[in-house]
Amino acid sequence: MDDLLMLTLIGVLFLAGWGLAWFCERLSRRGRS
Amino acid sequence: MQTQFWLMLLLFALVLVALAWPLSAWLVRVASPHFGTSSRFVQAVERPLWRIAGIDPASGQRWPQYTLALLVFNVLGVVAVYLLQRVQAGLPLNPAGFSAVEQGSAFNTAVSFVTNTNWQGYAGEQTMAHLTQMLALTVQNFLSAATGLAVAFALTRGLVRRGQETPAGSAQAGLIGNFWVDVVRITLWVLIPICIVYSLVLVGQGSIQNLKGFTEVTTLEPTAYDAPKTNAAGQPVLDAQGKPVMEHLTTPSQQIPGGPVASQEAIKELGTNGGGFFNANSAHPFENPTALTNFIEMLSIILLPTAIVLAFGRMVGDTRQGWTILAAMAIVLVAFMAVAFYAELTPSPRLTAAGVAADLGNFEGKETRFGVVGSTMFAAITTGTSCGAVNAMHDSFMPLGGAVPLTLILLGEVIFGGVGTGLYTMLVYVLTAVFIAGLMIGRTPEYLGKRIESYDMKMVSIAILLTPIVVLCGAAASMALEAGRAGISNPGPHGLSQILYAWGSSTNNNGSAFAGLNANTRFYNLGLAVAMWLGRFGTIVPVMALAGNMAAKKRSESLTGKMPTHGPLFVGLLIGTVFLVGALTYVPALALGPAAEHLQLFAKAAP
């Protein structure tokens, strides 16, 4: 059970990084439009 | 001792520059898209790798692709390291028969080694099988260092690229290299060759390299020690107050651990990773056997962070740019090193009052083969860079001596910093300095011919602000919650320093610890792991966005009316910016921690 929790947390960390990248990309598009 | 310190520092600087200058030229070649095209050997090694991985080494990536590749690669690394720790009991090369690492600790360690932090909440020689040490931890030492250098290459390419040669919308616009190619080439042609030679030097000096478990040896005389008394179930026996009952024991033998130490030690220092095979890290004689290895280890920690800054100067076509950044880093590091040295020359007034000899300075927590000079230099270098290896216990430094590693970490790992991370984080500060100066003189800020605009400063702001937010919120939560306070071993200002150090070290991906905080708990294992990840990728992602945005910009070659970004004036401006933005954030916390402890110690000692 704990293993599943930890692997889920790893997924959440990835999404946090990807989410920040998405946010930065959105900001750059807004700057260009 | 003072002469010894300054002579050692001079020798160190000379050897460092003599090694870093040629290495910087090699880094420039490795970063080139044309690397190895005329070498049959390079082609023979790389071509099968590209074929297996399905990569076209000539294809470039824009920043979102580069960043996604980097994130996927790193998250897969976390999964691999986590699973290896969890199943190590059933795998070979586990001579001591270690069981699976507890889930929270395994998660913390996996994130820690992938983010180049190497914070260790466990004792390596009592927890990790040799296979885990080699296949999980050492491999990540190489790959996390390669990731840092790759980001530095990408940002430099973004600054160098002449946008006007590749019109917006064309296939070549905004390309900043290929992550897979960068990681493979840095690992194969920079890190591995140096580490092979380095490991052999360490073995020659007495570091061990074997696959043995524990060897029991009979000591010259029995060792007496106190240990908690345990019942038949192996649980500690408690007295009426709930405290463990201690018993006095003697033993005629000692368990000496074996393992592949030298190979891990080499990349631990060279990659500014810092995670030791042993709990005592570089204070252990098998990791750092002699004064000579101590000198070499200090050199190897700072070698790549120095070389990449000089390589930056070469890549942008103006070596003065590299020397300017290096000068700013060196001035701050030497100043901090001197503060630590002079603080440690003075022993604790309480020990002096107790009749302990004062002529060697504050010797608590230091190895006799390194002394105050070797320990304080190491402490400043390992925390100025984001290495985190330790050869002395920073917790035992005098309050001001301990404030030096703490402050160097909190500055954001820009005083040389980690492999690659030092350069790209310092470049974020360079852009801030140029922006502030541009506002002051009323001109559009430009760096290396590229205009710094609103979007760039937004990315710079995210990169600079995210780390202190995580550090201060984490430290505040630890002080507010019982789970956080439970780990403190010293009450008062020193306890605050322990907590601030833990969050600062994790978020800035240093990994050293103010020994004394019990961080192997669910609260710290999970909290610090999240901090490490946010500190690492919360900086990398905006830096990559910055690289992509810069790559698409036109580069102006005209120097008329531009503020020069080299020379003593800019060095001063850069140092001022680092301190204003980086250090002032933490002044209240530093005042309540080491500063208050220093005043308490010497005020009580005064008659």
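Residues numbered from 1 in each chain as written. Chains lettered and ligands numbered in written order. Predicted model: local features only at pLDDT ≥ 70, side-chain atom pairs only at ≥ 80, totals over all residues. Heavy atoms only, no water.

Focus on the overall build of chain A
Tallying secondary structure elements over chain A gives 1 helix and 0 strands in all. Taken over 33 residues, chain A has a buried fraction of 33%. In the structure as shown, chain A presents an accessible area of about 2,300 Å², 67% of it carried by carbon and sulfur atoms. (Helix = DSSP H or I, 4+ residues; strand = E, 2+ residues; numbered from the N terminus. Buried < 20%, exposed > 50% of the residue type's maximum accessible area, 1.4 Å probe, protein only. Areas by Shrake-Rupley, 256 points an atom, 1.4 Å probe, with all protein chains shown as cover.)

With respect to the pattern of salt bridges
It is possible for side chains of opposite charge to pair when their charged atoms get near one another. All names here are of chain B. Tallied over the full model, the rule gives 14 salt bridges over all chains. Where E344 meets K366, a salt bridge forms, and the shortest distance between an N and an O atom there is 2.7 Å. Of this pair, E344 sits in helix α10 (residues 319-345) while K366 sits in the loop between α11 (349-353) and α12 (371-384); the two residues are 22 residues apart in sequence, bridging distant segments of the chain. Accessibility assignment for this pair places E344 and K366 in one class, buried. Sharing partners across several salt bridges, the network here consists of E265, K268, E269 and E287. (Salt bridge = Lys/Arg side-chain N within 4 Å of Asp/Glu carboxyl O.)

With respect to the interface of chain A and chain B
Contact with chain A, which involves 17 residues of that partner, is made by 28 residues of chain B. With both chains or domains summed, chain A and chain B bury close to 2,000 Å², and 82% of this area falls on carbon and sulfur atoms. At the junction of chain A with chain B, the criterion picks out 2 salt bridges. Between B:R86 and A:D3 there is a salt bridge, and its shortest N-O distance comes to 2.7 Å. (Contact = heavy atoms within 4.5 Å. Buried area = accessible area lost by both parts, 1.4 Å probe.)

Focus on unusual backbone geometry
All names here are of chain B. Here N116, not a glycine, exhibits a phi torsion of approximately 70 degrees, which is positive. Residue placement: N116 occurs in the loop between α4 (103-114) and α5 (124-127). In this structure N116 comes out as buried when scored by relative accessible area, which is 3%. The backbone phi angle of E413 is positive, close to 55 degrees, even though this residue is not glycine. Along the chain, E413 turns up in the loop between α13 (399-410) and α14 (421-441).

Notes on α13(B)
One full turn of an α-helix is made of 3.6 residues, so residues set three or four places apart face in the same direction. Residue and element names in this part refer to chain B. Look at α13: 16 Å from first C-alpha to last across 12 residues, which is about the 16 Å you get at 1.5 Å a residue. Counting buried positions over the 12 residues of α13 gives 11, a clear majority of the element. For α13, every residue scored as buried is listed here: P399, G401, G402, A403, V404, P405, L406, T407, L408, I409 and L410. Remark: G412 follows α13 within two positions and exhibits a positive phi of approximately 100 degrees. (Expected span 1.5 Å × (residues − 1).)

Some words on the side chain of B:T539
By secondary structure assignment, the location of B:T539 is in helix α18 (residues 522-551). Take B:T539: its relative accessible area is 8%, and that puts it in the buried class.

Considerations on helix α7 (residues 179-205) of chain B
Between its first and last C-alpha, α7(B) extends 37 Å over 27 residues, near the 39 Å set by a 1.5 Å rise per residue. In the segment just after α7(B), B:G206 is the residue with positive phi, at about 120 degrees.

A look at the side chain of B:N118
All names here are of chain B. Position of N118 relative to the elements: it lies in the loop between α4 and α5. A residue is classified by how much of its surface remains accessible, and N118, at 1% relative accessible area, is buried. Here the side chain of N118 touches N141 through a polar contact of 3.0 Å, side chain to side chain. (Polar contact = N/O pair within 3.5 Å; in protein donor to acceptor, adjacent residues only side chain to side chain.)

A short note on the confidence of the model for chain B
Residue and element names in this part refer to chain B. Overall, the predicted model of chain B reaches an average pLDDT of 91, with 97% of residues at or above 70. Of all secondary-structure elements in chain B, the lowest mean pLDDT belongs to α11, at 84, while α7 reaches the highest, 97. Reported confidence for the predicted complex is 0.95 by ipTM and 0.92 by pTM. (pLDDT = per-residue confidence, 0-100.)

Some details on the packing of α10(B) against α14(B)
Residues and elements named next belong to chain B. Their axes nearest at 11 Å, the elements α10 and α14 cross at an angle of 100 degrees. Taken as axis vectors, α10 and α14 run roughly perpendicular relative to one another. Contact with α10, carried on its side by I325, A328 and M329, involves G422, M426, L427 and V430 of α14 and no other residues of that element. Here the residues of the contact of α10 with α14 are counted per class, giving 6 nonpolar, 1 polar and no charged. (Axes fitted to C-alpha atoms, helices over the stretch in contact; angles between N-to-C directions. Parallel < 35°, antiparallel > 145°, perpendicular 65-115°, else oblique. Nonpolar A, V, L, I, M, F, W, Y, C, P; charged D, E, K, R; others polar.)

Brief notes about the packing of α4(B) against α18(B)
Two measures define how a pair of helices packs: the angle their axes make with one another and the distance between the axes. All names here are of chain B. One way to put it is that α4 packs onto α18 with a least axis distance of 9 Å and a crossing angle of 20 degrees. One element, α4, and the other, α18, form an angle in the roughly parallel class. Note on packing geometry: the crossing formed by α4 with α18 is left-handed. From α4, Q103, G104, S105, F107, N108, V111, S112 and V114 reach across to α18, where they touch R522, Y524, N525, L526, L528, A529, M532, W533 and R536. Here the contact of α4 with α18 is composed, by residue class, of 9 nonpolar, 6 polar and 2 charged. (Left-handed = near helix turned anticlockwise from the far one by under 90°.)

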